[in-house]
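Architecture at a glance
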Amino acid sequence: MLVFVMAACFFGELSIVKPPAKEVLKGLFIPKLKGNGATGDAIALLGALVMPHNLFLHSALVLSRKTPSSVRGIKDACGFFLYESGFALFVALLINIAVISVSGTVCFGENLSAEDIDKCSDLSLDNSSFLLKNVLGRSSSIVYGVALLASGQSSTITGTYAGQYIMQGFLDIKMKTWLRNLMTRCIAIAPSLVVSIIGGSNGAGRLIIIASMILSFELPFALIPLLKFSSSSSKMGPHKNSIYIIVFSWTLGLMLIGINVYFLSTSFMGWLIHSSLPTYAKVLVGVVVCPLMIVYLIAVVYLTFRKDTVVTFVADSCKADAEKAAGGSGEDDDEPVPYREDLADIPLPAHSRG
């Protein structure tokens, strides 16, 4: 609710500053990147919006819903989950549009004070609260700070849940709740705390950008298996993706991978060439980093073309094919789905239990 308060404030500010609607729509469909670090910020925004661990979390939270154990029930549930995720991402898109439109209109407007001009020249989380002065006045910094705190708590909760499911699902590690919470909090907070103490608020703001960029680079390692599993008949049976979704999602996924690889290679080479480091240091850095980039590419290609022959959908597909050949439907919408023993012991969020 506190995050929605900040969203409402930006929408209110949007109605006051009145950005040119034509330019906003043009920027949505014909994006342009200007200024130093614009490409990195765009990639960071993508990583922050579509976080890799949330892909696992959304899949796991599906199990906490009271889905009817039938083919028709699963189909209906998949539709509702699509609407739910789509609505959440659409709201996030609207909030981002409002924030960027307000920032651009205010900072490029007329009659700016010298203080506001200085803030716009280096806009960060520390000084962005002045963008809401028209709506909130002097209390803008307080509301903005509380909303940022709520946003951080939301990220912490989702990260902890995702870590829980990954540890229990992939690593088969089970521990007491308080110990898991302590360990995950320490892992998440310790690096940020160290950077904040050493680098101050500017260092913490830069850390957010770097962490979001890392999330974007990690996204293919969560996205590619998700696309392969959800498009596989041996994994999903009749619930696999349609050919249209497969083509569309793989196109977006390959575009994302291409953007990441291009930015990673060009930014590193540009930094290496224009760096003030001595020649031997540049060679040493290149020898260390270039193999890591090659390993990244090989890992992405391996994930993309790796064949998975494990069958987890346990329905008798041969019997279904025989029924279809005999004139039957081959699929009873009210037929119970097979019992999945590997999913039976996964603990679900306490608030979702009936």
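Reading the values: the criteria
- Residues numbered from 1 in each chain as written.
- Predicted model: local features only at pLDDT ≥ 70, side-chain atom pairs only at ≥ 80, totals over all residues.
- Heavy atoms only, no water.
- Helix = DSSP H or I, 4+ residues; strand = E, 2+ residues; numbered from the N terminus.
- Buried < 20%, exposed > 50% of the residue type's maximum accessible area, 1.4 Å probe, protein only.
- Areas by Shrake-Rupley, 256 points an atom, 1.4 Å probe, with all protein chains shown as cover.
- Axes fitted to C-alpha atoms, helices over the stretch in contact; angles between N-to-C directions.
- Parallel < 35°, antiparallel > 145°, perpendicular 65-115°, else oblique.
- Left-handed = near helix turned anticlockwise from the far one by under 90°.
- Contact = heavy atoms within 4.5 Å.
- Nonpolar A, V, L, I, M, F, W, Y, C, P; charged D, E, K, R; others polar.
- UniProt positions renumbered as here; feature names shortened; annotations may be inferred.
- Patch = residues over 30% accessible without salt bridge, like charges linked within 9 Å, V, L, I, M, F, W, Y side chains within 5 Å.
- Salt bridge = Lys/Arg side-chain N within 4 Å of Asp/Glu carboxyl O.
- Lys, Arg positive; Asp, Glu negative; His and termini not counted.
- Charge placed at Lys NZ, Arg CZ, Asp CG, Glu CD.
- Phe/Tyr/Trp six-rings, centres within 6.5 Å; stacked < 30°, edge-to-face > 60°.
- pLDDT = per-residue confidence, 0-100.

**Focus: the overall build of the protein**
In terms of helices and strands, the protein carries 14 helices and 0 strands. By residue count, 28% of the 354 residues in the protein fall in the buried class. Within the structure as shown, the protein displays about 23,200 Å² of accessible surface, and the carbon and sulfur contribution to it stands at 68%.

**Quick look at the packing of helix H3 (residues 38–49) against helix H11 (residues 243–274)**
Look at H3 against H11: their axes get within 11 Å of each other, and the N-to-C directions meet at 140°. As summarised for this structure, H3 and H11 are arranged oblique, according to the angle between their axes. Here H3 runs over H11; the crossing is left-handed. Seen from H3, the contacting residues are Thr 39, Gly 40, Ile 43 and Leu 46; seen from H11, they are Leu 256, Ile 259, Asn 260 and Phe 263. Broken down by class, the residue content of the contact of H3 with H11 amounts to 5 nonpolar, 3 polar and no charged.

**Structural notes on the UniProt feature "transmembrane region" (unreviewed entry) in the protein**
Feature annotation in UniProt assigns "transmembrane region" (unreviewed entry) to the following positions: residues 41–61, 81–102, 142–162, 182–201, 207–229, 241–263 and 283–305. Along residues 41–61 the backbone is 90% helical and 0% strand, and the end-to-end C-alpha distance reaches 30 Å. Across residues 207–229, helical content stands at 100% and strand content at 0%; the span's end C-alpha atoms are separated by 33 Å.

**Considering unusual backbone geometry**
The backbone phi angle of Lys 18 is positive, close to 50°, even though this residue is not glycine. As for its position among the elements, Lys 18 is in the loop between helix H1 (2–17) and helix H2 (21–29).

**Digging into a positive patch on the surface**
Together, Lys 22, Lys 26, Lys 32 and Lys 34 give the surface a local cluster of positive charge. Examined against the element boundaries, Lys 26 turns out to sit in helix H2.

**Regarding the packing of aromatic side chains**
Aromatic ring pairs are described here by two measures, namely the spacing of the ring centres and the angle between the planes. As enumerated under the stated definition, the model contains 2 aromatic pairs in all. Ring geometry for Phe 80 versus Tyr 83: centroids 6.4 Å apart, planes at 85°, classification edge-to-face. Placement of both Phe 80 and Tyr 83 in helix H5 (residues 71–107) is noted, with a separation of 3 residues, approximately one turn of the helix. Comparing Phe 80 with Tyr 83, the two get one shared label, exposed. Ring geometry for Phe 221 and Tyr 296: centres 5.6 Å apart, planes at 75°, overall edge-to-face. Separated by 75 residues along the polypeptide, Phe 221 in helix H9 (residues 177–230) and Tyr 296 in helix H12 (residues 279–305) bring together distant segments of the chain. For Phe 221, a relative accessible area of 31% translates into the label partly exposed.

**Some details on the environment of Ile 243**
With respect to the helices and strands, Ile 243 occurs in helix H11. Taking the C-alpha atoms as reference, Ile 243 lies 8.5 Å from Ser 231; in sequence the two are 12 residues apart.

**A word on a nonpolar patch on the surface**
A surface patch of nonpolar side chains, amounting to about 780 Å² of accessible area, comprises Phe 11, Leu 25, Leu 28, Phe 29, Ile 30, Phe 90, Leu 93 and Leu 94. Looking at the nonpolar patch, the elements that each hand over two or more residues are H2 and H5. With respect to the helices, strands and loops of the structure, Phe 90 is situated in helix H5.

**Details of the confidence of the model for the protein**
Note that predicted coordinates carrying low pLDDT should not be read in detail. Considering every residue of the protein, the mean pLDDT works out to 75; 83% of them sit at 70 or more. When pLDDT is averaged over each helix and strand of the protein, the minimum, 45, is found for helix H13 (residues 317–325) and the maximum, 86, for H12. Contacts from residues 316–326, a stretch scored under 50 in pLDDT, to residues over four places away or in other chains number 5 contacts.

**Concerning the side chain of Lys 235**
Inspection of the secondary structure puts Lys 235 in helix H10 (residues 233–236). Residue Lys 235 is classed as buried on the basis of its relative accessible area of 16%. Leave out the neighbours within four places in its chain, and Lys 235 touches Phe 229, Asp 308, Val 310, Thr 312 and Phe 313.

**Some words on the environment of Thr 39**
Along the polypeptide, Thr 39 turns up in helix H3. Note: C-alpha distance between Thr 39 and Phe 263 (224 residues apart in sequence) is 7.6 Å. Sequence-distant contacts of Thr 39, that is, excluding residues within four places in its chain, are made with Leu 33 and Phe 263.

**Considering the packing of H11 against H12**
Where H11 meets H12, the axes come as close as 11 Å, and the angle between the chain directions of the two elements is 175°. Taken as axis vectors, H11 and H12 run roughly antiparallel relative to one another. When H11 is examined against H12, the residues Trp 250, Ile 257, Asn 260, Val 261, Leu 264, Ser 265, Phe 268, Trp 271, Leu 272 and Ile 273 are found in contact with a partner set consisting of Lys 282, Val 285, Gly 286, Val 289, Cys 290, Met 293, Tyr 296, Leu 297, Val 300 and Thr 304. For the contact of H11 with H12, the class distribution of residues is 15 nonpolar, 4 polar and 1 charged.

**What about the side chain of Ser 232?**
Assignment of secondary structure puts Ser 232 in the loop between H9 and H10. On the basis of relative accessibility, which here comes to 17%, the residue Ser 232 falls in the buried class.

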